[in-house]
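# Examining the three-dimensional arrangement
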Amino acid sequence: TKKKPLVIVTRKLPEAIETRMMELFDSRLNIDDSPMDKAALIEAVKHADVLVPTVTDRIDAAVLAHAGPNLRLIANFGNGIDHIDLQTARQRGITVTNTPDVLTEDTADMTMGLILSVSRRVGEGERLIRSGDWNGWGPTLMLGHRIWGKRLGIVGMGRIGRALARRAKGFGLSVHYHNRRRVHPDIEEELDATYWESLDQMLAHVDVVSVNCPHTPATYHLLSARRLKLLQPHAILVNTARGEIVDETALTRMLANQEIAGAGLDVFEHEPAVNPKLIELNNAVLLPHMGSATIEGRVDMGEKVLINIKTFVDGHTPPDRVIEGLL
Ligand code: 8YV
């Protein structure tokens, strides 16, 4: 029989996935979930046939320079692959896969949760009770803004953007979007979504902005200081995509000066570091990158990883091969 491929997994995955991983492959798991430093990553790419990284592993050209001849597949546990240098991987003949679809709905849920939390001051209300200072109901206590009847502008109408649009419609928001390409008219109609070719114009028009595009060189600081200034003072911004898409320093300044009303952030420019000024702000709801963090979703992601590896080592094109030019 053929020798099983050596699969190195950088983080601890759900138990059911690890069990299957051990059955199928010669798997090296990360039992205590201690993060791999650069030296450990380099060791891993030297020896593995398949590497399973996560968003916390920076697989850049410097790491890939040490890739051994056996490394043929990087099967990412997660959808975003901005932490992997795709060009270098391609040049070295390494296939990259991700885990789309299975985290779409969970991430859209969390995005909706952030929109509600910011506009209805969920974090502030929680803090008031926990501080012990709550004196009881009052007619002007903790007033937020209603979201029904407001305009939502989605930046990036891919899978998560569309799942968010469906939810937003149910909450009575009107849906606007900006995307590199206009989506199919049937989808636009189904989602009741209005296309804005100009991101600038959409930003000036909406009450809520949600960032749902991938982080690529083209979207780095897409929401720049200049663009953020186009937002209306009552607008709120939520980001469940990647911190790098928004100029965090400019956003923080605008929140502090109340130039926009609030922000809900699940992702940050320099994770796990969070701008200390953001932490002091009451009008920011901050979450530790948990947009897709459901028990079910993590298992689904793991199953996707298993299928991608299995298909690849059996000699076929894995279902979730990342195609560089498409991003
Ligand atoms: C994952 C994410 O938890 O999939 C993504 O792009 O940001 C998260 O849903 C993370 O990537 C795991 O690697």
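In this report, we go over the structure that sits alongside the text. (Residues numbered from 1 in each chain as written. Predicted model: local features only at pLDDT ≥ 70, side-chain atom pairs only at ≥ 80, totals over all residues. Heavy atoms only, no water.)

## A short note on the overall build of the protein
Note the threshold: The helix count covers DSSP runs of H or I at least four residues long, the strand count covers runs of E at least two residues long, and both are numbered beginning at the N terminus. Each residue is placed in one exposure class: buried if its accessible area under a 1.4 Å probe, protein chains only, is under 20% of its type's maximum, exposed if it is over 50%, and partly exposed if it falls in between. A contact between two residues is defined here by any heavy atoms of the two lying within 4.5 Å. Surface accessibility in these figures is a Shrake-Rupley result with a 1.4 Å probe; residues are shielded only by whichever protein chains are displayed. A positive count includes Lys and Arg, and a negative count includes Asp and Glu. His and the chain ends are not counted in either. Lys charges are placed at NZ, Arg charges at CZ, Asp charges at CG and Glu charges at CD.
If you tally the helices and strands in the protein, you get 13 helices and twelve strands. Dimensions along the principal axes, computed over C-alpha positions, put the protein at roughly 75 × 50 × 30 Å. When the 327 residues of the protein are sorted by exposure, 50% land in the buried category. Intrachain contacts of the protein at a sequence separation of at least 6 include 59% that bridge at least 24 residues. Surface accessibility of the protein: about 16400 Å² in total, with carbon and sulfur atoms responsible for 54%. The distance from the centre of the 38 positive side-chain charges to the centre of the 42 negative ones in the protein is 3 Å.

## Details of the site of the ligand
Cut-off, in case you're wondering: Being near a molecule or strand, for a residue, comes down to having at least one heavy atom within 4 Å of it. Between N or O atoms, a polar contact is any pair within 3.5 Å; within protein, one atom must be a potential hydrogen donor and the other a potential acceptor, and residues adjacent in sequence are included only when both atoms are from side chains.
Neighbouring the ligand are the residues Thr-54, Val-55, Phe-77, Gly-78, Asn-79, Gly-80, Leu-103, Arg-242, His-289, Ser-292 and Arg-298. In the model, an oxygen atom of the ligand is placed 2.8 Å from a nitrogen or oxygen of the Arg-242 side chain. Within the complex, the protein chains bury 88% of what would otherwise be the 320 Å² of accessible surface of the ligand.

## What to know about unusual backbone geometry
Across the chain, the bulk of peptide bonds are trans and the bulk of non-glycine residues have phi less than zero. Here Glu-271 and Pro-272 are connected by a cis peptide whose omega angle stands at 0°. Residue placement: Pro-272 occurs in the loop between strand S11 (262–265) and helix H12 (276–280). Positive phi is not limited to glycine here, since His-221 has a value of about 50°.

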